[in-house]
Every structure is written in structure tokens, then in C-alpha cells.
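Next come the chains, spelled out residue by residue.
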Amino acid sequence: MTQLINDQGFVADDFATPYAPFDAAEGAEAGATALDVPSDVQPETIPVDGAISMIRVAFPSSADGRGFTIARQLRSRGYTGRLRAHGHVIADQYAMARRSGFDEVEIPDDLAARQPQDQWLARANWQEHNYQARLRG
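This write-up is about the structure you can find in this document. (Residues numbered from 1 in each chain as written. Predicted model: local features only at pLDDT ≥ 70, side-chain atom pairs only at ≥ 80, totals over all residues. Heavy atoms only, no water.)

### Some thoughts on helix H1 (residues 66-76)
Working note: α-helix, 3.6 residues per turn, so residues spaced by three or four point in the same direction.
Moving on, step 1. Listed as buried for H1 are Gly 67, Phe 68, Ile 70, Ala 71, Leu 74 and Arg 75. Seen end-on, H1 carries its buried residues on one side only, within an arc spanning 160°.
Moving on, step 2. If you follow the buried residues of H1, they end up packed against strand S5 (54-59), strand S6 (82-87) and helix H2 (94-100).
Moving on, step 3. Within two residues after H1, Gly 78 carries a phi angle of roughly 105°, on the positive side. (Buried < 20%, exposed > 50% of the residue type's maximum accessible area, 1.4 Å probe, protein only. Helix = DSSP H or I, 4+ residues; strand = E, 2+ residues; numbered from the N terminus. Arc of directions from axis to C-beta. Contact = heavy atoms within 4.5 Å.)

### Let's talk about the pattern of salt bridges
One side chain can pair with another of opposite charge once the charged atoms of both are near each other.
Moving on, step 1. Under the defined criterion, the tally for this structure stands at twelve salt bridges.
Moving on, step 2. Across the pair Arg 98 and Asp 7 runs a salt bridge, and its minimum N-O distance is 3.0 Å. Here the residue Arg 98 occupies a position in helix H2, and Asp 7 occupies one in the loop between strand S1 (2-6) and strand S2 (9-11), the gap between them amounting to 91 residues.
Moving on, step 3. Overall, Asp 7 belongs to the partly exposed group, its relative accessible area being 26%.
Moving on, step 4. Of the charged contacts in the structure, one is a salt bridge between Arg 123 and Asp 92, with a shortest N-O distance of 2.4 Å. Of this pair, Arg 123 sits in the loop between helix H4 (117-121) and helix H5 (131-136) while Asp 92 is found in the loop between S6 and H2, placing the two residues 31 residues apart along the sequence.
Moving on, step 5. The partly exposed category is assigned to Arg 123, whose relative accessible area is 27%.
Moving on, step 6. Members of the salt-bridge network, linked through shared partners, are Asp 13, Asp 14, Asp 36, Arg 56, Arg 82, Arg 84, Glu 104 and Glu 106. (Salt bridge = Lys/Arg side-chain N within 4 Å of Asp/Glu carboxyl O.)

Right under this line is the structure:
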């Protein structure tokens, strides 16, 4: 099982239903509405049209930051649907995930047990604690 996190903390997943399965990014069939994207995909190969309502980007390790780059490039290309980080993202990375374009984070239950909701909520004010914006004035 997994735990979904957004700026409100641990929340129920309102997307994963039998009617909205995730398709693999490579070879997604026509009519796909949700994509699973590995961390080594080239972002320019991911469709960003209005038919795709959710893209879930894999984080195989908390030390693998390629997902942040994928998210930023998808948003730069005009993707406006839901963007979910999936896998080994830690609470300390939540602000970076939100700044790079992710709407939410999905982590395994064992990680959620080690990093409870209060640790994620402490980073939910990601817009206020942007040191780069403070440096720019």
C-alpha cells in the first residue's frame, strides 16, 4: 500500500480507481488518461496533451533527482494536469517536489511510518521558505 501526501498532509487517493489505471509511458495506448513514467525517460517523449490527466513519475531512490527535472520540463512544455511523484521521496524533499511542479507525493507505507504527517506538514509552506526568492528580494 501507499500513502498520498499534498499540502494538507496525508490524504486519501481520489484518483486511483479501476476506471483510471496508469499506463506505461512507453507504449501508452490511445485514450490513456494516466501515465507511469520511469525516472530515466526523456521528458520530450511524454505526451502533454489534454487527454492525459495524471502523470506519475517514479523516484527509485531518494538520491535520484531526475524526477524533479522531468516535472520541471513537463510544466515548461505546458502540462497542466496532475503530476505525482511516486516512490522514495522523503519529507525533506517535499518543498523541492512542489517547486519543480509536482502536485502530490505518493510514498510506500513503511516510509510514511518513519516520516509521519507532521514532518511533511512542516514543509507544506514551501512557497514561504524559498531562499532563492528571498535573495532576489
